[in-house]
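Chain by chain, the residues run as shown.
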Amino acid sequence: MPGELGAARTPGGLPRHGLSARDLSALVRGEEDEATVGRLLAAEYSRRLLMLRALDAMRPADPALSGELPADGFDTAWSLLNRAQRNAPETVGELLMYPQTGMWLSLLLRRLRGTATIEAPLWTMTGHLSAVAAVAGFRAGLEFTITVPSRGGRVALPTMGCATLPPPVPAPGHWGTALVTAAAGRLRVGTGARSVLVPAAPGHDGPGWTALRRIGVGPAGRRLDLALDDLDPYRAYSGPVEPQRLTAGTASDWRETLEEAWALLLREMPGATATMRRGLFSLTPLPARERFRPHSVSAEDAFGGLMASSPDDPVQMAVTLVHEFRHTKLGGLLHLAPLQAPSGGDNDGSGDGSDSTGAGEDLFYAPWRNDPRPLGGMLQGLYAFLGVTAFWRGHRTAAGDDEALAHFEFALWRAQVWSALHQVRRDPRLTPLGRSFVESLHAQCAPWLDDPVPAGPRELAGAVALDHRARWQAHHLRPPEHAVDEAARGWARGAHLPPAGLAAEPRLVPDQAARWLDTAATIARHLLTAPADEPLKTAATVTGATEGDLLLAAGDPAGARAAFAAHLALEPGPRRRVGGAGPVPGRRGRRAGRGGPAPPAPRAGPGGAVRAARG
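From a predicted model like this one, the values you see are computed outputs, not experimental measurements.

(A) Representation of the nonpolar core within the structure. Ranked by internal contacts, the top residues of the largest apolar core, which has 141 residues, are Leu157 and Leu265. A per-element tally of this core places helix 11 (residues 403–424) first, with 13 residues. Setting aside anything within four residues of it in sequence, one finds Leu265 in contact with Pro270, Thr273, Met276, Ala318, Leu321, Val322 and Phe391. Counting residues in hydrophobic clusters, the runner-up holds five residues, among them Leu527, Ala539, Val542 and Ala553.

(B) Quick look at the packing of aromatic side chains. Inspection of the entire model under this criterion finds six aromatic pairs. Here the aromatic rings of Trp368 and Phe385 are separated by 5.0 Å at their centres, their planes lie at 20 degrees, and the arrangement is stacked. Taken together, the residues span a long stretch of sequence, with Trp368 in the loop between helix 9 (314–334) and helix 10 (375–395) and Phe385 in helix 10 at a distance of 17 residues. Each member of the pair Trp368 and Phe385 is classed as buried. With centroids separated by 4.6 Å and ring planes inclined at 25 degrees, the aromatic side chains of Phe385 and Trp413 adopt a geometry described as stacked. With Phe385 in helix 10 and Trp413 in helix 11, this residue pair connects regions lying 28 residues apart in the sequence. Residue Trp413 is classed as buried on the basis of its relative accessible area, which comes to 11%. The rings of Trp368, Phe385 and Trp413 are connected pair by pair, giving a single aromatic cluster.

(C) Region of interest: the side chain of Asp229. With respect to the element layout, Asp229 can be found in the loop between strand 9 (224–228) and helix 7 (248–268). Buried and unpaired, Asp229 has Arg235 as its nearest opposite-charge partner, separated by 5.2 Å. Here the side chain of Asp229 touches Asp232 through a polar contact of 2.9 Å, landing on its backbone nitrogen. Other than its neighbours up to four places away in sequence, Asp229 contacts Tyr98, Gln100, Leu212, Arg235, Leu283, Thr284 and Pro285.

(D) Spatial organisation of unusual backbone geometry. Look at the link from Pro167 to Pro168: it is a cis peptide, with omega at 5 degrees. Along the chain, the position of Pro168 falls in the loop between strand 3 (161–164) and strand 4 (175–183). At Tyr237, a residue that is not glycine, the phi angle is positive and equals roughly 70 degrees. Examined against the element boundaries, Tyr237 turns out to sit in the loop between strand 9 and helix 7. For Tyr237, a relative accessible area of 10% puts it in the buried group.

(E) Examining the sheet that holds strand 8 (residues 213–217) more closely. Strand order across the open sheet formed by five strands is 8-9-10-12-11, with mixed pairing between neighbours. In this open sheet, the two strands that pair with only one neighbour each are strand 8 and strand 11 (296–297). Taken together, the two bridges between strand 9 and strand 10 (residues 282–286) define a ladder with parallel strand orientation. Looking at strand 10, one finds that Ala227 is bridged to Ser282. Running at roughly 30 degrees to strand 8, helix 7 makes contact with strand 8, strand 9, strand 10 and strand 12 (305–309) of the sheet.

(F) Expanded view of the pattern of salt bridges. Taken as a whole, this structure holds 24 salt bridges when the rule is applied. With its nearest N and O atoms 3.8 Å apart, the salt bridge here joins Glu44 to Arg47. Of this pair, Glu44 and Arg47 both sit in helix 2 (residues 34–58), three residues apart, which is roughly one turn of the helix. Residue Arg47 is classed as partly exposed on the basis of its relative accessible area, which comes to 25%.

(G) Main features of the pairing of strand 9. With respect to burial, strand 9 is a largely interior element, four of its five residues being buried. One ladder, built from five bridges, connects strand 8 with strand 9; its direction is antiparallel. For Gly216, the partnering residue across the bridge sits in strand 9 and is Asp225. From the end of strand 8 to the start of strand 9, which pair antiparallel, there are six residues, and Gly218 there has a positive phi angle of about 100 degrees.

(H) The confidence of the model for the chain, seen in detail. With 86% of its residues at a pLDDT of 70 or more, the chain shows a mean pLDDT of 88. Ignoring residues within four places in sequence, the model shows residues 581–605, a span with pLDDT below 50, making 65 contacts including any to other chains.

(I) Structural context of the environment of Asp451. Within the secondary structure, Asp451 is located in the loop between helix 12 (432–445) and helix 13 (455–476). Residue Asp451 is classed as buried on the basis of its relative accessible area of 15%. Sequence spacing of Asp451 and Ala411 is 40 residues, and the spatial spacing of their C-alpha atoms is 9.1 Å. Here Asp451 is in contact with Arg393, Arg396, Phe410 and Arg414, once residues within four sequence places are set aside.

(J) Summary view of a negative patch on the surface. Taken together, the side chains of Asp253, Glu256, Glu259 and Glu260 make up a negatively charged region of the molecular surface. With respect to the helices, strands and loops of the structure, Glu256 is situated in helix 7. Residue classification places Glu256 among the partly exposed positions, given a relative accessible area of 47%.

Cut-offs applied
Residues numbered from 1 in each chain as written. Predicted model: local features only at pLDDT ≥ 70, side-chain atom pairs only at ≥ 80, totals over all residues. Heavy atoms only, no water. Core = buried A, V, L, I, M, F, W, Y, C linked by side-chain atoms within 4.5 Å. Buried < 20%, exposed > 50% of the residue type's maximum accessible area, 1.4 Å probe, protein only. Helix = DSSP H or I, 4+ residues; strand = E, 2+ residues; numbered from the N terminus. Contact = heavy atoms within 4.5 Å. Phe/Tyr/Trp six-rings, centres within 6.5 Å; stacked < 30°, edge-to-face > 60°. Lys, Arg positive; Asp, Glu negative; His and termini not counted. Salt bridge = Lys/Arg side-chain N within 4 Å of Asp/Glu carboxyl O. Polar contact = N/O pair within 3.5 Å; in protein donor to acceptor, adjacent residues only side chain to side chain. Pairing = 2+ DSSP bridges. Axes fitted to C-alpha atoms, helices over the stretch in contact; angles between N-to-C directions. pLDDT = per-residue confidence, 0-100. Patch = residues over 30% accessible without salt bridge, like charges linked within 9 Å, V, L, I, M, F, W, Y side chains within 5 Å. Areas by Shrake-Rupley, 256 points an atom, 1.4 Å probe, with all protein chains shown as cover. Charge placed at Lys NZ, Arg CZ, Asp CG, Glu CD.

Listed below in structure tokens is the structure:
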């Protein structure tokens, strides 16, 4: 990182970043090497420097916005960061490339531009530069004193840990300040009796000091090293949050699960692990979710970071790593070149955790989501879930007792990815690179359609795919009013066929209340893994499952039909929640409903398919 952070560079001296056609092709196929990821990282680093320069240009000029920080606090932090960069450029570079640093910069710049609303006082976000500078200065061997923000008496220092100041303790959530002083190679947070001395040994806790944990898993030469970050205020990707320290036991569970997941990936996807080692830096742990419904998030502005709920098992952890690292790589590519023409909607590069629907854009049916997605979100999901499909395709031979589940997951995701590919493949908004990207994904997925899958898991996956599509259509597609009236009159007359009016094009009206569209898939996973003598016991705990869903899963379509009808009669308002009845009549909606060929409906209900899958 030559030169000062604040120094101007001549146009001819600016670095240029890009990928060769060969690198790009390998990246899209998921076969990139470490050098390609290194080029993405170099581009991302330049982007971080540009964001810092933008922050310098956009910082609030009103001294009142300094809040409890000194009026010259930004200048002090900027000067310290520059000094640190001159002394230890590689060390400062690592700090700037930390995912949470990128997220802080992005959130702050968007807030200063008026495109993000965050509850925390603005001065605490601009003041985080002082905390970054303090870490940079200390690691560069400098001596200094600087004022940084605190919250509830706790001071977070990115990549290092968190100090909890001695009493009196401020009210929870109260924003204040503290001094960070570096002298004689030691770091102290606070003043006088209300101060904490950071232990000399990195990564060790001490009185008042909670160190950032790191997890290293795998053998020498193939080791994955991640920060298990439960402390950084910008680890949540939505705005400053307070530290939530994991217990030692929970941290140990994460380490053990990650160790087993990494060993699995080293055996089954060794090429992917080499690039993950280069491009993954931090994991933010989240509480466990309902079984078979994990939650994970990544963000373009937090390259190398991911948030993930505590996994059910190492296999789920391995899938999460594959899924989110795909989002990370695509986010890096999108910082170099667009895949779609500019639009007014949200490009949704934040993984699959966002609920944004890209207002103002044409929306699509995403088979992995509850809500309609914009084109950018579809491209992200396609790339991520093609990686998930590849994982399950290879894992089937090593799944042991869960072989039926692995076959089901492969059959389901190849069908869902194939369907989604056909929705976006001819979209006119794709750039030439975007068209090449989609065509490459299509070429990868196409041969997998011929891979043999046992009949039971294959039919179950087909039924589940149809169920998800039907639930999505029922929530988000609205037939014309005249067709609804015609259908109601036909129903009252006892007509056996849908009225002609239902063939009219439905309107896409996103339903923000859409939830649990994966109910059939979740029930199927329970049935495939439950003890043979109690197949429906655990499935009955699935959130969103109705009596009709469970009867259908048990192989009782007549009983399920009666249960769905009774549900509609008793609760006509939330009728859109009812699934399991097959696709909604009528043509599919504009863009949102145009999918590829839907998987064929099985002749038997899901219960029969499960029995066949389990033998």
